[in-house]
Structures are given as C-alpha cells and as structure tokens.
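Structural characterization, general
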Amino acid sequence: MTDTLHTPECRTLADALWPLASKYPVKPDHWITTPRGEYETYHGYREWCRECATFMIRHLRRKDPRNREEYRLDGGWRSEHDGPIYCAQCGVRLTSAMLSTGAGEEVGHYAENPPDPTPQCAYDIHEVLQALEYTRQRDAELVAEAVEIGRKLVAAIEAAGAAK
C-alpha cells in the first residue's frame, strides 16, 4: 500500500490559474559560490536573480583579485525551497519548486487572508497546488484546504473577468 496521495484537481486548478499567474514577474534563481566553496549571502539571503548575481560577482572579483576566478555563478533552474524566494539584492520573486512544508505555510496564510484575483496571488496558489498534487496521505487535510482556496480564487478570477 502506498502512502502517496494524488490529487489531480490540484493540477486542474493550477492550470486554470496559470493564465493570470504567468503575468507575475518571476526570474530564475541563481547563487554565487565563493573560493571557500560557500554561498555568498546578502542580509542572510543566498538566492539572486541573474542580473544582481552578475553585478555581485564583478564586485567580489574586484575586491578579491587573487581569487577572482573562484567566484562562480550557478543555478538558473528551479530548485526546491520551503517557501517563496526572492533576490537577495533587488527583491524580485525567483522560481522555485515549493516543498509541502512551504505549501502548508502558504495555505495557512491564504486561509486567514483570502487571495485576491491578482497575478501574485494566482502565482502563489499555483505553486502551492503544484507542490501538493502528489503528497503524503497525512497531508490530505492540507490538500483539501489548498484545493478549496484554489477553487475560490478561480471563481474570483472568473467573476472579475465577467465584470469587465
């Protein structure tokens, strides 16, 4: 017997949200490796958009010319995170595959603060639904809450479109 819960409605709702969610500005996440093999951070954040990471690498290489070739840009693909991630420098939202723990936090947030039919809310709920399409049986209640939030948001988007 499998412990996996598959909720195809998560995919259906995520697909329904995508036309609006895709309007939210999101960039691929990157990170910078230092000569010691650590990640460069800024105010505790280690994820960067490409533009800010490139600028920071230039700065680090000028500051440390002896090790300039050891500062490297990596990433550019969806990595896994416990919640939404943002560029350490400019604050733009970065792509990530949300884990179920982060999805739980987002569901809690949107249960208390119902989402508006905006690109940002549609993107957030889209990511949550993707994270919960395949999950553990113990998360069944969380999935049900996420699906309900997704349904309400899709209905609000449709109502806003009909009102135009």
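This is a predicted model, so every value here is computed, not measured.

Each value, and the rule that gives it
- Residues numbered from 1 in each chain as written.
- Predicted model: local features only at pLDDT ≥ 70, side-chain atom pairs only at ≥ 80, totals over all residues.
- Heavy atoms only, no water.
- Salt bridge = Lys/Arg side-chain N within 4 Å of Asp/Glu carboxyl O.
- Buried < 20%, exposed > 50% of the residue type's maximum accessible area, 1.4 Å probe, protein only.
- Helix = DSSP H or I, 4+ residues; strand = E, 2+ residues; numbered from the N terminus.
- Expected span 1.5 Å × (residues − 1).
- Bend = angle between axes of the 7 residues up to and from the residue.
- Phe/Tyr/Trp six-rings, centres within 6.5 Å; stacked < 30°, edge-to-face > 60°.
- Lys NZ or Arg CZ within 6 Å of the ring centre and 35° of its normal.

1. Considerations on the pattern of salt bridges
- Considering all chains together, one arrives at 10 salt bridges under this definition.
- Between R36 and E38 there is a salt bridge whose closest N-O contact spans 3.1 Å.
- The exposed category is assigned to R36, whose relative accessible area is 67%.
- Since its relative accessible area comes to 39%, E38 is described here as partly exposed.
- One salt bridge connects E47 with R46, and the closest N-O pair in it is separated by 3.6 Å.
- Several salt bridges share partner residues, and in doing so they unite E9, E148 and R151 into one network.

2. Examining helix α1 (residues 8-21)
- Its 14 residues give α1 an end-to-end C-alpha distance of 19 Å, which sits within 8% of 20 Å, the value for a rise of 1.5 Å per residue.
- Its axis deflected by about 25 degrees at D15, α1 carries its strongest bend there, up to four residues before the proline P19.
- Taken residue by residue, α1 has C10, L13, A14, L17, L20 and A21 as its buried positions.

3. Re the packing of aromatic side chains
- Using the criterion set out here, one finds 2 aromatic pairs in the structure.
- Between the aromatic rings of Y24 and Y123, the centroid separation amounts to 5.7 Å while the plane-to-plane angle is 40 degrees, which identifies the pairing as tilted. Of this pair, Y24 sits in the loop between α1 and β2 (26-27) while Y123 is found in helix α4 (residues 119-132), placing the two residues 99 residues apart along the sequence. Of the two residues, Y24 and Y123, neither departs from the other in class, the shared state being buried.
- When the ring centre of Y39 is taken as origin, the NZ or CZ atom of R46, which lies over that ring, is 4.2 Å away.

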